[in-house]
Amino acid sequence: MTTTTAETERAELRRVGGWRAVAGKEVADHLLSGRFVVLMGVLGIATAAAVFAASGGIRDVAPNAQGITALFLKLFTVTVDPVPFPLIVFVGFLAPLLGIMFGFDAVSGERSQGTLPRLLSQPIHRDEVILGKFVAGLTVVAIMLTALVLFVSGIGIFRLGVVPSPTEISRLAVWLVFAIIYVGFWQALATLSSVLARRASTSAMIPIGVWLVLTLFGSFLFGAVAGVLSPRDGSQAAEIAYQRTNQAVSQLSPVTLFQQGSSVLLDPEVRTVGLVTLEQVDRAIVSELNLTQSLAVVWPQIAILVAMTSVMFALAYIAFMRDEVRA
Amino acid sequence: MSTTIRSKGLTKAYGEHTVVDRLDLEIEAGEVFGLLGPNGAGKTTTILMLLGLVQPTNGTIKVLGLDPRRNPLEVKRHVGYLPDAVGFYDSMTGRQNLRFTARLNGLDDFEGQIESLLDLVGLADAADQAAGEYSRGMKQRLGVADALVKGPSVLILDEPTTAIDPEGVIEMLALIQRLAKEEGVTVLLASHLLHQVQAVCDRVAIFVDGKVVAQGTPHDLAAVEETAKVRVEFRLGGDPSKARDLLNSMPNVSDVEAGRVPGSWVAGLEAGSLPTAVSGLVSRGADVIGVHRLDEDLETIYRRYFEVREEVSP
């Protein structure tokens with residue numbers, strides 16, 4: 001009986017290491033892969049362009065911007081010609097690609113290389129494979145996004161001559177975690193697709209399709225759905241109902257959730273993501289929220305996004321556990 | 001401890017389709033056991049069930065006294081597996097692939113072990129080359145090293161020789177035998193290649209459509225073979241109809257039919273009567289151009305085996 005206990009304990013000890021071995025290999029794979037270099041390059045160029053434009057715009061108005069405390073964060077939220085979007089919109093648009101690229105061949109790649117039976121015949125639990133891969137992908141994503149934020153901050157300090165305040169740094173840190181969770185959703189979706197699709201090309205197409213539809217045609221799509229659910233007849237009440245429905249429907253999309261969350265987290269002047277009527281803002285005093293208050297505003301967005309990411313990973317996990325080893 | 005792998009009534013069905021049908025296996029420690037059957041006979045499914053990677057529909061399995069369904073990790077810790085069409089991470093070198101396997105097994109000090117395994121399978125020179133550049137045969141040899149990294153007491157090899165050149169096959173078979181005899185490793189070898197299985201296995205089970213149709217030492221199975229009929233292709237010159245009549249008139253020759261090319265005839269012969277038949281044909285003035293036994297492929301042997309079974313069983 002004692003040997004059995006010892007055996008089990010040893011097994012338990014080794015078990016802890018299984019997903020780490022998988023994750024360690026995957027992180028090394030990702031960092032050495034061509035796609036890492038390409039993605040880092042694309043993100044770097046897009047960010048640099050956005051930040052240079054934004055910082056130029058901020059410099060122009062800086063002399064009359066005495067009262068603005070969170071000047072530094074404007075780097076992320078301000079848009080100036082000729083760059084069409086502020087940085088957070090860029091991240092919202094491009095970051096899903098990171099998740100998709102590090103997730104789409106998680107299982108289908110093992111299958112096409114013929115390594116899956118060999119991997120699963122090692123003394124590790126099956127869930128350690130998918131967990132290790134997910135953690136590895138997200139680690140690399142975290143490294144990239146952190147590097148991106150530091151890069152932007154560096155340019156910002158250099159161009160604006162403004163050092164971020166502790167509040168701004170903590171806002172950025174919270175936003176970074178939020179962005180990683182957002183990318184996690186896309187990575188989980190891509191991982192699920194890689195379990196279901198037999199070929200790597202197919203498994204890349206599914207999440208890329210979802211990504212394109214939600215980012216490019218999202219607003220059109222949600223507007224159409226909202227129009228069916230609560231039709232507009234020209235009256236103010238109907239219009240408000242329509243806008244409310246539209247808002248609710250669009251919050252089913254992680255893209256919307258991320259944009260709303262980001263705009264509040266990175267801009268202390270944004271007080272709501274919901275519908276505001278003119279009466280409500282009339283004579284409202286412009287004041288800044290502190291981080292806790294901002295978090296309170298976007299708590300629903302954060303919670304829903306975390307839930308969506310968890311559910312998506314759970315689906316990928318279940319699909320993988322039920323998957324037949326034989327192709 | 002004498003029985004290493006034991007299955008009773010092992011069955012796997014996908015819907016209506018039964019892939020493995022009430023399989024009883026008993027493999028002794030230190031023996032080389034051959035699972036011989038055509039592709040699609042259920043060999044790989046059986047192996048995956050032994051490893052706990054596929055859940056059986058019915059029946060029991062014990063590997064090293066453990067139930068792979070209840071305790072797959074402990075089974076996999078002691079069983080080395082070389083899958084059919086084994087693959088490696090293309091961007092990693094052969095050595096890095098083996099290191100990864102060692103880490104997954106929770107091993108600490110594995111560099112020396114890996115070095116000697118690479119040496120053993122003859123890949124020491126290619127060890128630091130990307131596995132993507134390996135030929136199929138090299139991958140298969142790396143696969144054997146990979147299965148041995150954990151220092152297994154049971155080795156399961158699924159079609160280990162398919163992509164290896166003839167010389168490599170001889171080396172591989174010698175290696176398998178050495179592992180069994182010197183290291184006391186129990187080997188389960190699944191293959192559709194009769195001669196290779198015959199050459200190394202202590203015992204063989206012939207596995208067709210999910211069922212074991214014969215089990216025993218190669219010698220026993222060969223004895224069954226001897227009583228069977230042999231299909232022989234004769235190539236005879238001269239007038240075709242005359243040649244056919246001549247064949248039909250021979251004793252021990254039956255079922256004469258036209259072969260694939262003009263002038264060739266396929267006939268059934270009693271085993272061992274081939275020399276008599278040929279000398280008989282020659283003495284009767286037949287122009288014998290060629291004689292070819294058609295029993296080289298496994299299918300013919302299976303068919304022959306079934307004919308015998310039908311004759312024996314009432």
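Residues numbered from 1 in each chain as written. Chains lettered and ligands numbered in written order. Predicted model: local features only at pLDDT ≥ 70, side-chain atom pairs only at ≥ 80, totals over all residues.

The next subject is the overall build of chain B. When you go through chain B residue by residue, the secondary structure sums to 11 helices and 13 strands. For chain B, the spread of C-alpha atoms along the three principal axes comes to 75 × 45 × 35 Å. Expressed as a percentage of the 314 residues in chain B, the buried residues total 43%. Excluding contacts between residues fewer than 6 apart, the proportion of contacts in chain B whose partners are at least 24 apart in sequence is 67%. (Helix = DSSP H or I, 4+ residues; strand = E, 2+ residues; numbered from the N terminus. Buried ≥ 20, exposed ≤ 12 C-beta atoms within 10 Å, placed from the backbone. Contact = placed C-beta atoms within 7 Å.)

This part takes up the overall build of chain A. Helices and strands together make up the secondary structure of chain A, namely 14 helices and 0 strands. From first element to last, N terminus to C terminus, chain A shows the α and β order α-α-α-α-α-α-α-α-α-α-α-α-α-α. Among the 327 residues that make up chain A, the fraction classed as buried is 39%. Considering only intrachain contacts with a sequence separation of at least 6, the fraction spanning at least 24 residues in chain A is 81%.

All names here are of chain B. When you line up the elements, Gly143 lands in helix 5 (residues 136–148). Separated by 146 residues in sequence, Gly143 and Ile289 place their C-alpha atoms 46 Å apart. With near-sequence residues (within four places) excluded, Gly143 lies in contact with Leu82 and Val86.

Residues and elements named next belong to chain B. Strand order across the open sheet formed by 3 strands is 2-1-4, with antiparallel pairing between neighbours. Both outer strands of the open sheet, strand 2 (17–28) and strand 4 (58–63), are each paired with one neighbouring strand and no more. Ignoring strand direction, the axes of neighbouring strands in this sheet form an average angle of 15°. (Pairing = 2+ DSSP bridges. Axes fitted to C-alpha atoms, helices over the stretch in contact; angles between N-to-C directions.)

All names here are of chain B. For chain B, mean pLDDT is 85; residues scoring 70 or higher make up 91% of the total. Low confidence marks residues 309–314, where pLDDT is under 50. Its contacts with residues over four positions away, or in another chain, come to 0 contacts. Reported for the predicted complex are a pTM of 0.82 and an ipTM of 0.82. (pLDDT = per-residue confidence, 0-100.)

Here the focus is the confidence of the model for chain A. Of all residues in chain A, 88% attain a pLDDT of 70 or more, and the chain-wide mean is 84. No element of chain A has a lower mean pLDDT than helix 13 (residues 278–281) of chain A, which averages 68, and none a higher one than helix 8 (residues 166–196) of chain A, which averages 93.

The next thing to look at is the interface of chain A and chain B. Chain A puts 20 residues into the contact, and the matching count from chain B is 25 residues. Counting only elements with at least two residues in the side of chain A that touches chain B, the list comes to helix 1 (2–32) and helix 6 (116–120) of chain A. Among the elements that line the side of chain A that touches chain B, the one with the most residues is helix 1 of chain A, at 7 residues. When its residues are assigned to classes, the side of chain A that touches chain B shows 7 nonpolar, 8 polar and 5 charged. (Nonpolar A, V, L, I, M, F, W, Y, C, P; charged D, E, K, R; others polar.)

We now examine the sheet that holds strand 6 (residues 154–158) of chain B. Residues and elements named next belong to chain B. Read from one edge to the other, the open sheet built from 6 strands follows the order 5-6-7-3-8-9, with strand pairing classed as mixed. Two strands bound the open sheet, and with one partner strand each, they are strand 5 (79–82) and strand 9 (211–216). Here the strands of the sheet are splayed against their neighbours by 15° on average, with no regard to which way each runs. Where strand 3 (residues 32–36) lies against strand 7 (residues 186–191), 5 bridges are found, and the strand directions are parallel.

On domain assignment, one finds that chain B holds domain 1 (3–224) and domain 2 (227–312). Distance from the C-alpha centre of domain 1 of chain B to the C-alpha centre of domain 2 of chain B: 39 Å. (Domains from an automatic or database assignment.)

Moving on to the nonpolar core. Within soluble globular proteins, side chains that are nonpolar generally end up buried alongside one another. If you look at the biggest cluster of nonpolar residues, it comprises 145 residues, and the most contacted ones within it are Leu87 of chain A together with Ala145, Val187 and Leu189 of chain B. Ranked by the residues each element gives to this core, the list is headed by helix 8 of chain A, at 15 residues. Beyond its immediate chain neighbours, meaning those up to four positions away, Leu189 of chain B contacts Val32, Phe33, Gly34, Leu35, Leu157, Pro160, Ile176, Val197, Val200 and Cys201 of chain B. Residues Ala243, Leu246, Val253 and Leu281 of chain B belong to the second largest nonpolar core, which totals 14 residues. (Core = buried A, V, L, I, M, F, W, Y, C linked by C-beta atoms within 7 Å.)

This part takes up the packing of helix 8 of chain A against helix 14 (residues 291–322) of chain A. Residues and elements named next belong to chain A. In the contact formed by helix 8 and helix 14, the axes pass within 8 Å of each other and the chain directions differ by 20°. The orientation of helix 8 with respect to helix 14, classified from their angle, is roughly parallel. Where helix 8 crosses over helix 14, the two elements pack in a sense that is left-handed. Of the residues that constitute the contact of helix 8 with helix 14, the class distribution is 21 nonpolar, 5 polar and 1 charged. (Parallel < 35°, antiparallel > 145°, perpendicular 65-115°, else oblique. Left-handed = near helix turned anticlockwise from the far one by under 90°.)

With that settled, the discussion passes to helix 3 (residues 94–104) of chain B. Residues and elements named next belong to chain B. For helix 3, the tally of buried residues reaches 9 of 11 residues, placing the bulk of the element in the interior. The complete set of buried residues in helix 3 reads Gly94, Arg95, Asn97, Leu98, Phe100, Thr101, Ala102, Arg103 and Leu104. After helix 3 finishes, the residue Gly106 shows a positive phi value of roughly 70°.

Residues and elements named next belong to chain B. The phi torsion at Arg22 lies on the positive side, around 40°, for a residue other than glycine. Tracing the sequence through the fold places Arg22 in strand 2. On the neighbour-count criterion, Arg22 (15 C-beta atoms within 10 Å) is partly exposed. Its identity as a non-glycine residue notwithstanding, Asp209 has a phi of 50°, on the positive side. Residue placement: Asp209 occurs in the loop between strand 8 (203–208) and strand 9. Taking the number of C-beta atoms within 10 Å as the measure of exposure, Asp209 has 14 and is therefore partly exposed.

Let's shift gears to the pairing of strand 12 (residues 264–270) of chain B. Residue and element names in this part refer to chain B. In strand 12, alternate side chains face the same way, and those of Trp265, Ala267 and Leu269 are buried while those of Ser264, Val266, Gly268 and Glu270 on the opposite face are not. Across 4 bridges, the pairing between strand 11 (residues 253–258) and strand 12 is antiparallel. Its bridge partner lying in strand 12, Val253 is registered against Leu269. Joining the antiparallel neighbours strand 11 and strand 12 is a turn of 5 residues, in which Gly263 adopts a positive phi near 85°.

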